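Listed below are the residues making up each chain.
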Amino acid sequence: MTTEFSDLLPVIIIAAIVLVAAIWLLLRANRKTTIIDEGIRARDVLDEGAERASRNQALIDAAPAVVKPVPTPVAAPVAAVTPPAPAPAPAPASAAADDLSRIKGVGPKLVALLGELGVTSYAQIAAWNEADVARIDDQLGRFAGRITRDQWIEQAKLLSQADEAGFAERFGRNG
C-alpha cells in the first residue's frame, strides 16, 4: 500500500460508517408504521368509549340514495297490433320438477330464473317455438342468447324422451 492511501484509510472507514448511519436514520424516520413497546398499549380507535370519526358519521346518518327507475325503451309503433304470444303450454303435472341444470349452459341462477318464469320441465322447453324463445330470451337479462347458443331445445327434447345415450352422444355426459 502506498503511504497516502494508508493515511486516508481511517477517514474512508469513518465516512462509510457515517454514511450507513445516515441512511439508516433516514429510512427509520420515513417508516409508515410505528412499533409500540410491548409494555405500553396505545389506545385503539375501536376500543369501547372511543369517539366516532366525524367524517364517517355524516355518511352513516345520511338518508339512503334514491335510485331512479330506468325507463323501458318503447318499440316503434306497428301498423297492425299483434296480440302477445301465448305462454308455452304447461307440461303435464308431475310429482317433481325436472332437473333443468342437466341442460348444458343452465346453472343454478338460470334454474331459479326459469322457475320464476314458470319453466320447470324439459317438455316445456322442448315445446318452445321461435316466439317462445324470443319471449323467454327477453326475460333472461344477462343470460340472453343462451337458449339458441347452447341448444336448450334440442337438449330438452332428448332429456324429455329419457334418451340418455342420444344426449351423451350429442352433448356429452353431465357432471
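**Student:** If you had to explain the overall build of the chain to someone new, which residues and values would you point to?
**Tutor:** What the chain contains, in helices and strands, is eight helices and zero strands. For the chain, the sequential pattern of α-helices and β-strands runs α-α-α-α-α-α-α-α. Taking all contacts inside the chain whose residues are at least 6 apart in sequence as the whole, residues at least 24 apart take part in 52%. Element-wise, carbon and sulfur atoms account for 61% of the exposed surface of the chain, whose accessible area totals about 14200 Å².

**Student:** Please give an account of the confidence of the model for the chain that cites residues and values.
**Tutor:** Per-residue pLDDT for the chain has a mean of 77; in total, 66% of the residues score no lower than 70. Mean pLDDT across the elements of the chain bottoms out in helix 2 (residues 54-61) (64) and peaks in helix 1 (residues 3-29) (91). Predicted confidence is poor over residues 91-95, with pLDDT under 50, and the contacts of this stretch with residues over four places away or in other chains come to three contacts.

**Student:** Describe a nonpolar patch on the surface, and please don't skip the residues or the numbers.
**Tutor:** Together, Phe 5, Leu 8, Leu 9, Val 11, Ile 12, Ile 13 and Ile 17 make up a nonpolar patch on the protein surface, roughly 630 Å² of accessible area in all. Its place among the elements puts Leu 9 in helix 1.

**Student:** Residues and numbers for the packing of helix 7 (residues 152-160) against helix 8 (residues 164-171), please.
**Tutor:** Axes are the key here: two packed helices are described by the angle between their axes and the distance separating the axes. At a minimum axis distance of 8 Å, the contact between helix 7 and helix 8 shows a crossing angle of 155°. On the basis of the axis angle, helix 7 is roughly antiparallel to helix 8. Between helix 7 and helix 8 the crossing geometry is left-handed. When helix 7 is examined against helix 8, the residues Glu 154, Gln 155, Leu 158 and Leu 159 are found in contact with a partner set consisting of Glu 164, Gly 166, Phe 167, Arg 170 and Phe 171. Each residue belonging to the contact of helix 7 with helix 8 can be placed in one class, and the counts come to four nonpolar, two polar and three charged.

Here is what the cut-offs are and how they apply
- Residues numbered from 1 in each chain as written.
- Predicted model: local features only at pLDDT ≥ 70, side-chain atom pairs only at ≥ 80, totals over all residues.
- Heavy atoms only, no water.
- Helix = DSSP H or I, 4+ residues; strand = E, 2+ residues; numbered from the N terminus.
- Contact = heavy atoms within 4.5 Å.
- Areas by Shrake-Rupley, 256 points an atom, 1.4 Å probe, with all protein chains shown as cover.
- pLDDT = per-residue confidence, 0-100.
- Patch = residues over 30% accessible without salt bridge, like charges linked within 9 Å, V, L, I, M, F, W, Y side chains within 5 Å.
- Salt bridge = Lys/Arg side-chain N within 4 Å of Asp/Glu carboxyl O.
- Axes fitted to C-alpha atoms, helices over the stretch in contact; angles between N-to-C directions.
- Parallel < 35°, antiparallel > 145°, perpendicular 65-115°, else oblique.
- Left-handed = near helix turned anticlockwise from the far one by under 90°.
- Nonpolar A, V, L, I, M, F, W, Y, C, P; charged D, E, K, R; others polar.

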